[in-house]
Amino acid sequence: MSALKDRLRSDLTAAIKARDEVRSSTLRMVLTAITNAEVAGKEQRELSDDDVVGVLSSEAKKRREAATAFDDGGRPEMAEKERAEAAVLADYLPEQLSADDIAAIVTAAVEQTGAAGEGMRAMGKVMGAVQPQVKGRADGAAVAAEVRRQLG
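About the criteria used
Residues numbered from 1 in each chain as written. Predicted model: local features only at pLDDT ≥ 70, side-chain atom pairs only at ≥ 80, totals over all residues. Heavy atoms only, no water. Helix = DSSP H or I, 4+ residues; strand = E, 2+ residues; numbered from the N terminus. Buried < 20%, exposed > 50% of the residue type's maximum accessible area, 1.4 Å probe, protein only. Contact = heavy atoms within 4.5 Å. Areas by Shrake-Rupley, 256 points an atom, 1.4 Å probe, with all protein chains shown as cover. Lys, Arg positive; Asp, Glu negative; His and termini not counted. Charge placed at Lys NZ, Arg CZ, Asp CG, Glu CD. Axes fitted to C-alpha atoms, helices over the stretch in contact; angles between N-to-C directions. Parallel < 35°, antiparallel > 145°, perpendicular 65-115°, else oblique. Left-handed = near helix turned anticlockwise from the far one by under 90°. Salt bridge = Lys/Arg side-chain N within 4 Å of Asp/Glu carboxyl O.

Draft legend 1. Summary view of the overall build of the protein chain. The number of helices and strands found in the protein chain is 7 helices and 0 strands. Listing every helix and strand of the protein chain by position from the N terminus yields α-α-α-α-α-α-α. Across the 152 residues of the protein chain, 36% fall into the buried class. By sequence separation, contacts in the protein chain at least 24 residues apart represent 61% of the contacts at least 6 residues apart. In the structure as shown, the protein chain presents an accessible area of about 8,800 Å², 52% of it carried by carbon and sulfur atoms. Side-chain charges of the protein chain comprise 22 positive and 26 negative groups, with the mean position of each set lying 4 Å from the other.

Draft legend 2. Local environment of the packing of helix H3 (residues 49-72) against helix H4 (residues 76-90). As a packed pair, H3 and H4 sit with axes 8 Å apart at the nearest point and diverge in direction by 160 degrees. Regarding the angle of H3 to H4, the classification is roughly antiparallel. For the pair H3 and H4, the sense of crossing is left-handed. On H4, the residues touching Leu56, Glu59, Ala60, Arg63, Ala66, Ala67, Phe70 and Asp71 of H3 are Pro76, Met78, Ala79, Glu82, Arg83, Glu85, Ala86 and Leu89.

Draft legend 3. How the structure looks around unusual backbone geometry. Despite not being glycine, Arg19 shows a phi value in the positive range, around 55 degrees. Tracing the sequence through the fold places Arg19 in the loop between helix H1 (3-17) and helix H2 (21-39).

Draft legend 4. Spotlight on the pattern of salt bridges. Scanning all chains against the criterion turns up 16 salt bridges. When the shortest N-O distance is used, the salt bridge between Glu82 and Arg63 registers 3.7 Å. Within this pair, whereas Glu82 is found in helix H4, its partner Arg63 is found in helix H3, the two being separated by 19 residues in sequence. Of the residues examined, Glu82 reaches a relative accessible area of 10% and is grouped as buried. A relative accessible area of 12% places Arg63 in the buried class. Across the pair Arg63 and Glu85 runs a salt bridge whose closest N-O atoms are separated by 2.8 Å. Placement of Arg63 in helix H3 and of Glu85 in helix H4 is noted, with a sequence separation of 22 residues between them. On the accessibility criterion, Glu85 (9% relative accessible area) is buried. Here the salt bridges do not stand alone but share partners, grouping Glu59, Lys62, Arg63, Lys81, Glu82 and Glu85 into one network.

Following this line, the structure appears as structure tokens:
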């Protein structure tokens, strides 16, 4: 079993004992998502720490999108709940990259792949080089926007 999954389980137990409703419900939700990912596909498998980080980041993205949707719909109390859940998930994710860090990684990838003069046709090549470096540490949309900016 991955160390991160063990940590999530022990933190869930601590949150239940401390009667921390937001933390315990969020950890239950993410552990369920991890279990669903483990049994998805043709055969069951044990997720590695990297896979668990992937599940955590997709769940955090769902929370951010839901908070935005609730704000747009005039439901600030629900948006606040989603933000609280996202904050709990952020405790388990690697440190997020700043916009400057993303720009530096993308610049290096453009130089490495030799895509500087190719324009938008090189988007896939550059994204392929950048994704392993930023996985779980940056929002994919922000990375894609930076690649577009530098290639365009």
